[in-house]
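So the chains spell out like this:
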Amino acid sequence: MNNLILEVNDVAVAFGGIKAVNGATMSVEVGSVTSVIGPNGAGKTTLFNLISGATKPDSGTILFQGFEIQKLLPHKIAGRGIVRTFQGAKVIKRLSVLENLMLGAQNNPGDNLINFFNPRARNAFEKQARDHAMALLKQVGIERFANDYAGILSGGQRKLLDLARALMAEPVMLLLDEPFAGVNPTLVEKLLEVLHALRTEHHLTFLLVEHDLETVMNISDRVVVMAEGQVIADGLPNSIYENQAVVDAYLGTRKLK
Amino acid sequence: MTAILQPGFWVFILTMSGIYGIFTLGLQVQYGVGGILNFGHVGMMALSSYTMAILVIAHGFNFWIAAASGVAVAALGGAFLGLTTLRLRGDYFSIVSIAFSEIVRYVIFNSDGLTGGAQGSLAIMPIGDAYPSYTDTWDTILYWIRDHLTPIFGEIADRDMAMGILVWITLGILLFIVSRVERTSWARVLRATREDDDVPSALGKNVFRFRLQAVIIGSIIGGIAGIYWALQVTLLSPDDFLTIVTFYAWMILILSGATKVKGLAIAAIFFGFLYGGTRFFTFWPFSFFDSSQRSYMRIMIIGIVLIVLMIRRPQGIFGKREEMVLE
Ligand SMILES: Nc1ncnc2c1ncn2[C@@H]1O[C@H](COP(=O)(O)OP(=O)(O)OP(=O)(O)O)[C@@H](O)[C@H]1O
Ligand SMILES: [Mg+2]
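This one's a predicted model, so the numbers in the text were calculated from it and none came from an experiment.

Reading the values: the criteria
Residues numbered from 1 in each chain as written. Chains lettered and ligands numbered in written order. Predicted model: local features only at pLDDT ≥ 70, side-chain atom pairs only at ≥ 80, totals over all residues. Heavy atoms only, no water. Contact = heavy atoms within 4.5 Å. Buried area = accessible area lost by both parts, 1.4 Å probe. Salt bridge = Lys/Arg side-chain N within 4 Å of Asp/Glu carboxyl O. Polar contact = N/O pair within 3.5 Å; in protein donor to acceptor, adjacent residues only side chain to side chain. Helix = DSSP H or I, 4+ residues; strand = E, 2+ residues; numbered from the N terminus. Buried < 20%, exposed > 50% of the residue type's maximum accessible area, 1.4 Å probe, protein only. Pairing = 2+ DSSP bridges. Axes fitted to C-alpha atoms, helices over the stretch in contact; angles between N-to-C directions. Near = heavy atom within 4 Å. Areas by Shrake-Rupley, 256 points an atom, 1.4 Å probe, with all protein chains shown as cover. Expected span 1.5 Å × (residues − 1).

A. Main features of the interface of chain A and chain B. On the chain B side, the residues contacting the 31 residues of chain A number 30 residues. Taken together, both faces of the contact between chain A and chain B bury some 2900 Å²; the carbon and sulfur share is 61%. Its largest share of buried area at the contact with chain B, chain A owes to R94, D111 and L113 of chain A, together 26% of the area lost on that side. Where chain A touches chain B, the interface holds five salt bridges. One salt bridge in this structure joins D198 of chain B and K90 of chain A, with 2.6 Å as the shortest N-O distance. Inspection of the chain A/chain B interface yields twelve residue pairs in polar contact (both at pLDDT 80 or more).

Here is the structure:
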């Protein structure tokens, strides 16, 4: 089973009395699109926080490319190639949109104070990164705001910025927490195309949380269903509908058209 | 009222403004860029100035080596403060920083054998039977400059004027360097951490490292201010390093608009004149008060000016309003 890029083994974390994730086990195959679905409060975002290192598990292990990462700090995990977006999108409001993206650039010599004395290397990198950032902004359609403070962006535009910034960080695996919620349908189509291209050209692996079932069914190779902190089902998209536990916990009587 | 007419007084004000300007620049890096609230900045000034004085007076060190050591000790002080508290929430750093500078002052006050204690640097035991002075090397430079100023300024040219010039050259150089540093991607990451830790961390930035570096750089600049302070006052006393000094720097920083360095020099001069100039508020209605009461009133007046400024111009004289108010 060495085509698994991520393995989450019996991971649990509680906040006070709330067992947000309670013994969750799941895995993600290299190059796949895996979606996590489940009711509000099921622990999906918490699972993302555990994988990205923002939250430390009380127990269990998380392996990325075979290495245990559950004890690593978030920036180390990001350095290994797991990059995430945030539910509701987080932008640095008092940096420009372009500067937000530039934050994503990896191994920027200018981040190291020693290179203050090496302006040539810094400037060359900045220039290249800026071109890349502008191209990404164009891809998600917010390039006209490049030099505005990110704080002026609308909710949907912030999501686009969050996504573009994550892409800027050259991820191996992208964790997207409700990337399409609040984004208009035509743009969702466009983003799906962008993600598809990334997948085929750069062999990116995707793990996403999404409530829109139609989108989930269309783009996912696998679907993981969470409820009350546990993984209650894990399988091919269509198999989910035949799972009674899933129907009870999440789907209800709805049917895909 | 005669002092107000003497150029020497204004030279003094400008020199002190310059030293305060250097001192405040350290805070600017920490707060203006990194959003780090340091209320113990004066501790770095105390560490560098006393280290320098002790090394020169009691151990006969070369002045330059002593001054560099002083700045290095201030940097270590910043590193210690940062390493112990920066991993905690921001407010912990602020609280501990005040305690830090007060502890430094307290230790200086009570270590008679090492620091001269309450009597100040005059009571440091000199090597041999020399006079306990640490300014000899510097004075040579000052007098050399003065001798070159005399043909231009006549008898106004003195040690103080030479000092003022060196202080302002130093401030100018530091302002230039810091404004350059603040254009690097290092500063961009630090600006991001001012708002949020999760985003930079998720993008691979070690937020703690950036903050620690900001605190150390600010402490080095504060340490440089300490050396100039020591050279200006010529003998040190623990009372030079009361917490109020940190708050004076905060006033300057708020006046100038914390997020940009460009207003800092002017804000420092403004503060200097406010601070020094209020000394001459001896006319009615201030004539009802004696001089010690007036010195408290001076702090009140400075406070009122600040409050008015913050209401009218929250971004400071030169700051960008959006950068202060965007939510
Ligand atoms: N930092 C925290 N402190 C306390 N409780 C938390 C914390 N984070 C999450 N929780 C709780 O853990 C549970 C799971 O939350 P989580 O955000 O993971 O749900 P979710 O599946 O992402 O839901 P949604 O679909 O609404 O986004 C909730 O009951 C939530 O209140
Ligand atoms: Mg969620």
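Structure's up, so let's keep going.
B. Here's a closer look at the side chain of Q157 of chain A. Residue and element names in this part refer to chain A. Along the chain, the position of Q157 falls in helix 5 (residues 155-168). Q157 sits in the buried class, given a relative accessible area of 19%. Of note is the side chain of Q157, whose polar atom sits 2.8 Å from the backbone nitrogen of S154. In this structure Q157 touches I142, R144 and F145, once residues within four positions along its chain are discounted.

C. Summary view of the sheet that holds strand 10 (residues 230-235) of chain A. All names here are of chain A. Strand order in the open sheet formed by six strands is 6-7-8-3-9-10, with mixed pairing between adjacent strands. At either margin of the open sheet sits one strand with a lone partner, and together these are strand 6 (82-84) and strand 10. Each strand of the sheet is rotated relative to its neighbour by a mean of 20°, with strand direction disregarded. In the sheet, strand 7 (residues 173-177) pairs with strand 8 (residues 205-209) via five bridges, with the strands oriented parallel. From the neighbouring strand, D177 faces strand 8, where its bridge partner is V209. In the packing of helix 5 onto the sheet, contacts are made with strand 6 and strand 7, and the angle to strand 7 comes to roughly 165°.

D. Here's a closer look at the site of ligand 1. Residues and elements named next belong to chain A. In the vicinity of ligand 1 there are 14 residues, among which G41, K44, T45, T46 and Q87 approach most closely. Measuring from an oxygen atom of ligand 1, one finds a side-chain N or O atom of K44 at 2.8 Å. If ligand 1 stood free it would expose 630 Å²; the protein chains cover 63% of that surface. Listing elements by their share of the shell around ligand 1, those giving two or more residues are strand 2 (18-29) and helix 1 (44-52). Tallying contributions element by element places helix 1 first for the shell around ligand 1, with three residues.

E. Representation of helix 13 (residues 291-312) of chain B in the model. Taking 1.5 Å per residue as the helical rise, helix 13 of chain B with its 22 residues ought to reach 32 Å, and the 31 Å between its terminal C-alpha atoms agrees with that figure. All buried positions along helix 13 of chain B are accounted for by R294, M297, R298, I301, I302, L306 and L309 of chain B.

F. Just the sheet that holds strand 2 of chain A, in detail. All names here are of chain A. Taken in spatial order, the four strands line up as 2-1-4-5 in an open sheet, and their pairing is antiparallel. Edge strands, defined here as strands with exactly one partner in the open sheet, are strand 2 and strand 5 (67-68). When strand 1 (residues 4-15) meets strand 2, the two strands line up antiparallel, connected through nine bridges. Looking across to strand 2, one finds that A14 is bridged to K19. Here helix 1 sits on the sheet and contacts strand 1, strand 2 and strand 4 (59-64); the angle it forms with strand 1, its principal contact strand, is near 115°.

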